[in-house]
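Residue-level listing of the chains:
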Amino acid sequence: MQSLMQPHPLLISSLLGHAARHHAEGEIVSRTEEGAIHRTNWAETARRARRLARVLGGLGIGPGDRVGTLAWNGFRHLEIYYAAPGMGAICHTINPRLHPDDIAYIVNHAGDAVLCVDPGFAGLIETIAPAIVGVVRAVVMLTDAARMPPLALPAGMALLCYDSLMDAAGTGAADEDFVWPVFDENTASSLCYTSGTTGRPKGVLYSHRSTVLHGYAINMADVLGLRAIDRVLPVVPMFHVNAWGIPYAAAMAGAALILPGRHLDGASLATLMNQERVSIATGVPTVWMGLLSHLRATGERLETVKTIMTGGSACPPLLIEAFGKEFGIQVEHGWGMTELSPVGTYNKPKPAHAGLDEAGRLRLGLKQGRAVCGIDMKIVDGTGKELPWDGVAFGDLKVRGPWVTGAYHGDAAASALDEDGWFATGDVATIDAEGVMEITDRSKDVIKSGGEWISSIALENIAVSHPDVAEAAVIAAVHPKWDERPLLVVVPRAGRTIDPAAVLAIYADKVARWWVPDAVVVLDELPHTATGKIQKTVLRTRFRDHLDPDRQG
Ligand code: AMP
């Protein structure tokens, strides 16, 4: 029997409509490229998004067309986040930190008709222009006429100014005329390519439905739970998985959005947080370590921040301990991936955790968290058999749910799923009796020693607890007897020297003897991907034969 409920589709335009009507004055604060502060609000953003939809229509953008962005977090980028999906087109955010060849590949693969670009990336556009001409018809610089960079583009690719286009499109009544179209909630809304530590980047094509449901999910009290009185700072870039969904979740809650632009160093973030009275901030551990160093060095305090959410890679214990003890700030840990829109798990306590002592709370906080309602997860062994939730057994983590992708852009529907409809995350994890998941590795990084698995992440976490170690990576090195053995690669802290024996000694009472790395390599720095993850593939290529004298070149 069909229900009698109203059949309103879940559309992104309705989120902005809600924010404009119920939280009109909710602030959108942006630090511009030049460093100045720009202020607007949800009502004005909604008006300008409607105007932008007309501008994009004037550039020939229609339903299903891709509008690419190469931009930091700012108000113009936010307008595109709403205008492109709102009109039935697709907002395709591109990571400018990728190699130019990869960016050109992504633009062509996505078929971006228009690229909206921060002036700071003008040089990048010039580099890739010959490779994207014929696909991209226009490059719109996200700035005013006075700051337009001089740029020579090939014939057939127009250079346009965002503010000039918006000014020419008229103001006031003309903005109110535009009505967002209503269409199927399964229509594609946005596109984001995975950072790709191996092979070519792959596109994940979100829908209005998946985006809205993900927004509701992260707004639950045991996840981010944004409120109208919050002032949220997404340090995570808007070119990385829709800034973890925050630009949409903030509109649902009516929270103020503080957008930091390209200024992501500790000093800039601390100033912005205090000036703009930020209550909650989200980003990767590297950013928070930078902020921590700045605060410790200067003695500066964060006056209003209550919660820092960290995700994207494992949370170092120091983050939770130092921010909690020295600054009274709660560090919360979440896990996700581009393919999951991105949030899959979040770490907030259950009643069973009430009696934990300080060490127990820290241990719990380092885990990646419980499945957010809507996400179903399981761990399986090499044969696909489900493993127990005992916090010990670790296996391949699989997920399914309404905001998990079924296939990559351009591939056949459901081609990324197994026969039962599960998506293999590529992460290896344990799940404990309370359902709290902990990543122990990427499946390609796990070390397979004599048929047993060793977690590289567990070994890295121990290594960085040594006072001389700034950063650590553990990789599988080929071993004549055991197939693979762990090799520890470390970077010393500034002004310190590393004694390999002393570093290895700290493993003694922490892991089984056979888990202790066979050797230590000291480097000045580790290679990182465009999203700040350690590039273990590069280390593996370089050091895979380190333990096997016969194979060393
Ligand atoms: P991306 O799609 O670029 O966001 O990368 C997703 C991958 O980042 C996941 O599959 C994990 O390997 C890793 N990741 C994300 N969040 C965490 C976390 N909290 N702890 C450890 N690894 C994480």
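Residues numbered from 1 in each chain as written. Predicted model: local features only at pLDDT ≥ 70, side-chain atom pairs only at ≥ 80, totals over all residues. Heavy atoms only, no water.

Asker: Help me understand the overall build of the chain, please; the structure alone is not making it clear to me.
Answerer: Secondary structure assignment for the chain yields 17 helices and 25 strands. Overall, the C-alpha framework of the chain stretches about 75 × 55 × 55 Å when taken along its three principal axes. Relative to its 553 residues, the chain shows a buried fraction of 56%. Pairs at least 24 residues apart make up 66% of the contacts formed inside the chain by residues separated by at least 6 positions. Approximately 22,700 Å² of the chain is accessible, and the part contributed by carbon and sulfur atoms is 53%. Here the chain carries 49 positive and 61 negative side-chain charges, and the mean point of each set is 2 Å from the other. (Helix = DSSP H or I, 4+ residues; strand = E, 2+ residues; numbered from the N terminus. Buried < 20%, exposed > 50% of the residue type's maximum accessible area, 1.4 Å probe, protein only. Contact = heavy atoms within 4.5 Å. Areas by Shrake-Rupley, 256 points an atom, 1.4 Å probe, with all protein chains shown as cover. Lys, Arg positive; Asp, Glu negative; His and termini not counted. Charge placed at Lys NZ, Arg CZ, Asp CG, Glu CD.)

Asker: Can you walk me through the pattern of salt bridges in this structure?
Answerer: Once their charged atoms are close, side chains differing in charge can pair, the charge on each being opposite to the other. Using the criterion set out here, one finds 28 salt bridges in the structure. Here Arg227 makes a salt bridge to Asp230, at a shortest N to O gap of 3.0 Å. Since its relative accessible area comes to 44%, Arg227 is described here as partly exposed. Its salt-bridge partner being Asp432, residue Lys367 comes within 3.0 Å of it at the nearest N-O pair. (Salt bridge = Lys/Arg side-chain N within 4 Å of Asp/Glu carboxyl O.)

Asker: Is there a simple way to think about the site of the ligand in this case?
Answerer: Around the ligand, a shell composed of 15 residues is seen, among which Gly334, Thr338, Gln368, Asp427 and Arg442 lie nearest. Gly334 places a main-chain nitrogen or oxygen 2.8 Å from a nitrogen atom of the ligand. With respect to the ligand, the side chain of Asp427 contributes an N or O atom lying 2.6 Å from an oxygen atom. In the complex, the protein chains occlude 92% of the 500 Å² of accessible area that the ligand would expose alone. Counting residues per element, the shell around the ligand draws most heavily on strand E14 (residues 330–336), which supplies 4 residues. Split by residue class, the shell around the ligand holds 3 nonpolar, 9 polar and 3 charged. (Near = heavy atom within 4 Å. Polar contact = N/O pair within 3.5 Å; in protein donor to acceptor, adjacent residues only side chain to side chain. Nonpolar A, V, L, I, M, F, W, Y, C, P; charged D, E, K, R; others polar.)

Asker: Teacher, can you tell me more about the sheet that holds strand E3 (residues 66–70) here?
Answerer: The strands making up a sheet associate through hydrogen bonds between their backbones, and the pairing can be parallel or antiparallel. Strand order in the open sheet formed by 7 strands is E7-E6-E5-E3-E4-E8-E9, and the pairing between neighbours is mixed. Only two strands of the sheet have a single neighbouring strand rather than two, namely strand E7 (158–161) and strand E9 (203–207). Taken over all neighbouring pairs, the strand axes of this sheet differ in orientation by 25° on average, direction set aside. Looking at chain direction, strand E4 (residues 90–93) and strand E8 (residues 188–193) are connected through 3 bridges and run parallel. Pairing of Thr93 across the sheet is with Cys192, part of E8. (Pairing = 2+ DSSP bridges. Axes fitted to C-alpha atoms, helices over the stretch in contact; angles between N-to-C directions.)

Asker: Would you explain empty space enclosed by the protein in this entry?
Answerer: Regions of empty space are outlined by a rolling probe, equal in size to a water molecule, passed over the atoms. Under the criterion given, the structure shown has 3 cavities of 30 Å³ or more. Put simply, the largest cavity is a space of about 80 Å³. Along the wall of the largest cavity there are 13 residues; nearest its centre are Asn95, Cys192, Tyr193, Thr194 and Phe239. Roughly 50 Å³ of internal volume is contained in the second largest cavity. Forming the boundary of the second largest cavity are Tyr206, Thr211, His214, Gly215, Asn242, Gly245, Tyr248 and Ser341. For the lining of the second largest cavity, the element with the highest residue contribution is helix H8 (residues 208–218), accounting for 3 residues. Within the lining of the second largest cavity, the residues separate by chemical class into 2 nonpolar, 6 polar and no charged. (1 Å grid on protein atoms, 1.4 Å probe; cavity = no way out; pocket = protein on both sides within 12 Å on 5 of 7 lines; lining within 4 Å. Points joined across faces, edges and corners; volume = space filled by probe spheres on them.)

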